[in-house]
Amino acid sequence: MTSRWRDLGLAALGLVLLLLVPVFGAPPAIRDFIMFGMAYGLLAMSLNLLIGYTGLVSFGHAMFFAAGAYAFGLAMQSGKFSIPGAFVLAIGFTALMALIVGAICVRLNEIYFAFLTLAFQMLFYNIILGWVSFTGGDQGLMGGIPRPKFLGIDLADRTQLYVFCSVAFIVCIALLRQIVTSPFGYTLRLIRDNQERAAFLGINVTMVKLACFVMSACIAAVGGILLTLFVSGAYPNFGFWTTSGEAIFMILLGGSNVFLGPLVGTVILRLLNDITVTYTSHTELVLGIVILVLVLGLRKGPLDLLAERWENRRQAKAQAIRDAADKDAQTGRDA
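This is a predicted model, so every value here is computed, not measured. Note that residues are indexed from 1 along each chain, following the sequence as it is written. Only residues with pLDDT of at least 70 are given local features in this predicted model, and only at 80 or more are side-chain atom pairs given and counted; all residues enter the totals for whole chains, interfaces and linings. With hydrogens and water set aside, each side-chain value is computed from the structure's full complement of heavy atoms.

Engineer: I tried to follow the overall build of the protein chain on my own but got confused; where do I start?
Structural biologist: Only DSSP runs of H or I with at least four residues qualify as helices, and only runs of E with at least two residues qualify as strands; both kinds are numbered from the N terminus onward. Tallying secondary structure elements over the protein chain gives 14 helices and 0 strands in all. Secondary structure elements of the protein chain occur, N-terminal to C-terminal, as α-α-α-α-α-α-α-α-α-α-α-α-α-α. Based on C-alpha atoms, the radius of gyration is set beside the globule rule, defined as 2.2 Å times the residue count to the power 0.38. In terms of overall size, the protein chain behaves like a compact globule, its C-alpha atoms giving a radius of gyration of 22 Å where 335 residues would be expected to give roughly 20 Å. Dimensions along the principal axes, computed over C-alpha positions, put the protein chain at roughly 90 × 50 × 45 Å. Remark: exposure states derive from per-residue accessible area (1.4 Å probe, protein chains only) relative to the maximum for the residue type, with buried under 20%, exposed over 50%, and partly exposed in between. Looking at the 335 residues of the protein chain, the share that counts as buried comes to 45%. Here the analysis covers contacts within the protein chain between residues at least 6 apart in sequence; of these, 74% occur between residues at least 24 apart. For the area figures, the Shrake-Rupley method with a 1.4 Å probe applies, and any residue is considered shielded solely by the protein chains shown. Of the roughly 17,100 Å² of accessible surface on the protein chain, a fraction of 68% belongs to carbon and sulfur atoms. Of the side-chain charges in the protein chain, 23 are positive and 18 negative, and the distance between the mean point of each set is 4 Å. Two residues form a contact once any of their heavy atoms are found within 4.5 Å. Counted as positive: Lys and Arg. Counted as negative: Asp and Glu, with His and the chain ends omitted from the count. Charged side chains are reduced to one point each, which is NZ for Lys, CZ for Arg, CG for Asp and CD for Glu.

Engineer: Help me understand unusual backbone geometry in this model?
Structural biologist: A negative phi angle is the norm for most residues apart from glycine, just as the trans form is the norm for most peptide bonds. Although it is not a glycine, Leu-151 sits at a positive phi angle of roughly 55°. Assessed through its relative accessible area of 82%, Leu-151 is described here as exposed. In this structure, Ser-232 is a non-glycine residue whose phi angle is positive, near 55°. Assignment of secondary structure puts Ser-232 in the loop between α10 (205–231) and α11 (241–254). On the basis of relative accessibility, which here comes to 24%, the residue Ser-232 falls in the partly exposed class.

Engineer: Hey, could you run me through the nonpolar core in this one?
Structural biologist: One recurring pattern in soluble globular proteins is that nonpolar side chains are buried together. Judged by nonpolar contacts, the single largest core of 92 residues is most densely connected at Leu-42, Leu-49, Phe-64, Phe-72, Phe-169 and Phe-213. In terms of residues, this core owes the most to one element, α10, which gives 16 residues. Beyond its immediate sequence surroundings of up to four residues, Leu-49 is in contact with Thr-54, Leu-176, Ile-179, Val-180, Leu-188, Cys-212, Met-215 and Ser-216. What is meant by a nonpolar core is a set of buried Ala, Val, Leu, Ile, Met, Phe, Trp, Tyr and Cys residues, joined one to another through side-chain atoms within 4.5 Å.

Engineer: I would appreciate a short explanation of the side chain of Thr-266 in the present structure.
Structural biologist: Structurally, the position occupied by Thr-266 is in helix α12 (residues 261–279). A polar contact is formed between the side chain of Thr-266 and the backbone oxygen of Pro-262, at a distance of 2.8 Å. In protein, a polar contact means a hydrogen-donor-capable atom and an acceptor-capable atom, both N or O and within 3.5 Å, with residues adjacent in sequence counting only if both atoms are side-chain atoms; elsewhere, any N or O pair within 3.5 Å suffices.

Engineer: Any chance you could explain the layout of surface pockets here in plain terms?
Structural biologist: Sizing a probe to match a water molecule and rolling it over the atoms shows the empty space that remains. Roughly 780 Å³ of internal volume is contained in the largest pocket. Cavities and pockets were defined on a 1 Å grid built from protein atoms only: a cavity is a group of points that admits a 1.4 Å probe but offers it no way out, a pocket is an open group of points flanked by protein on both sides within 12 Å along at least five of seven lines, and a lining residue is one with an atom within 4 Å of any such point. Lining the largest pocket are 31 residues, with Leu-10, Ile-173, Phe-259, Leu-260 and Leu-263 positioned closest to its centre. Elements supplying a minimum of two residues to the lining of the largest pocket: α1 (2–23), α2 (28–54), α7 (158–180), α8 (183–193) and α12. The greatest single-element share of the lining of the largest pocket, amounting to 7 residues, is contributed by α1. Residues are sorted three ways: Asp, Glu, Lys and Arg are charged, Ala, Val, Leu, Ile, Met, Phe, Trp, Tyr, Cys and Pro are nonpolar, and all the rest, Gly among them, are polar. For the lining of the largest pocket, the per-class residue count stands at 20 nonpolar, 7 polar and 4 charged. Grid points are joined across faces, edges and corners, and a volume is the space filled by probe spheres set on the points.

Engineer: Explanation requested: helix α3 (residues 62–78) in the structure shown.
Structural biologist: Since the α-helix advances by 3.6 residues per turn, residues separated by three or four positions end up pointing in the same direction. Given a helix with a known number of residues, its expected span is that number minus one, times 1.5 Å. The first and last C-alpha atoms of α3 sit 24 Å apart over 17 residues, in line with the 24 Å expected at 1.5 Å per residue. Of all 17 residues that make up α3, 14 are buried, and the element is covered over most of its length. Where α3 terminates, the next one or two residues include Gly-79, which has phi positive at roughly 75°.

Engineer: Whenever I open this one, the packing of aromatic side chains confuses me. Can you help?
Structural biologist: The description of an aromatic ring pair rests on the distance of the ring centres and on the angle between the ring planes. Here a pair means two rings of Phe, Tyr or Trp (six-membered ring of Trp) with centres within 6.5 Å. Their orientation is stacked below 30 degrees between planes, edge-to-face above 60, and tilted elsewhere. Evaluation of the coordinates by the stated rule reveals 14 aromatic pairs. Here the aromatic rings of Phe-72 and Phe-87 are separated by 6.4 Å at their centres, their planes lie at 80°, and the arrangement is edge-to-face. With Phe-72 in helix α3 and Phe-87 in helix α4 (residues 83–105), this pair connects stretches of sequence that are 15 residues apart. Each member of the pair, Phe-72 together with Phe-87, is buried. Taken together, the aromatic side chains of Phe-36, Tyr-40, Phe-65, Phe-230, Tyr-235 and Phe-238 make up a single cluster linked through ring pairs. One Lys or Arg, Arg-177, reaches over the ring of Phe-259 and ends 5.2 Å from the middle of that ring. Criterion for a charge above a ring: Lys NZ or Arg CZ within 6 Å of the ring centre, and within 35 degrees of the ring normal. The residue whose ring lies beneath Arg-270 is Tyr-40, and the NZ or CZ to ring-centre distance is 5.6 Å.

On their own, these measurements won't tell you what the molecule is for.
Structure below.
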């Protein structure tokens, strides 16, 4: 219980820090960078629930990012929903979609799971492109996303939009933290480390994987909704395979074994993109070099490396204390 309250306290502190950004008069570019990072950060964090905690590498996670974006955008353009109603509808649609796709995919392991999720993503992407009368095809949802006031909140105002996105982002991060530190989260780790043993202990491995798949998809959908509100539109590239690839890069850049690793990776990737676009057109080359350095040099994300060194130092210190206690005990017996 103490750990849970500590996590909630840290989440509240994170929200306060985010809300202080406009208070101190940060330029619009900084706020836009943060909102963009929050949307893609949720995509990376939700994908890591599958990769880092369950051992399921998905190449098609961006389809849920796009599903949330398009469902929310279409609901708002219909004029029949408030923003909270469209929000719930988009998450519900994504959960149903994930339930159907996941029921097929989670029965497979490793490379078969990865490529089947990629196949479903490309199917969804081609539906977006082909259903021009409904989705706008390769032009995306045209005409902008209406933002009617609700509960006195006006998302047409950039500051209020920033606050809304910050609250939604922190709530999702707090929910993910509660999931990974719960008994369900430790069940996911058991499945990742030894699926056969988990089944032997009576765990319904398929159902646990499916539940994780749906939860992960819903968090990704929230990221898509935030991006839709930010750019006032939804576009096919939200659901293209390169977007899933970017999410995997974010996890690699930050680390998959530390909870906030993917979020750190998101910031690194966005900074790399912004810096390289400013000075060169070879963004992919720079990113490829960075990935090679991490894979061949560190063999893990920076936060993973720091966490490992911290744990090794803690264990060495504990061993030194035990050795000193054993030596004192031996000296006492000799005396």
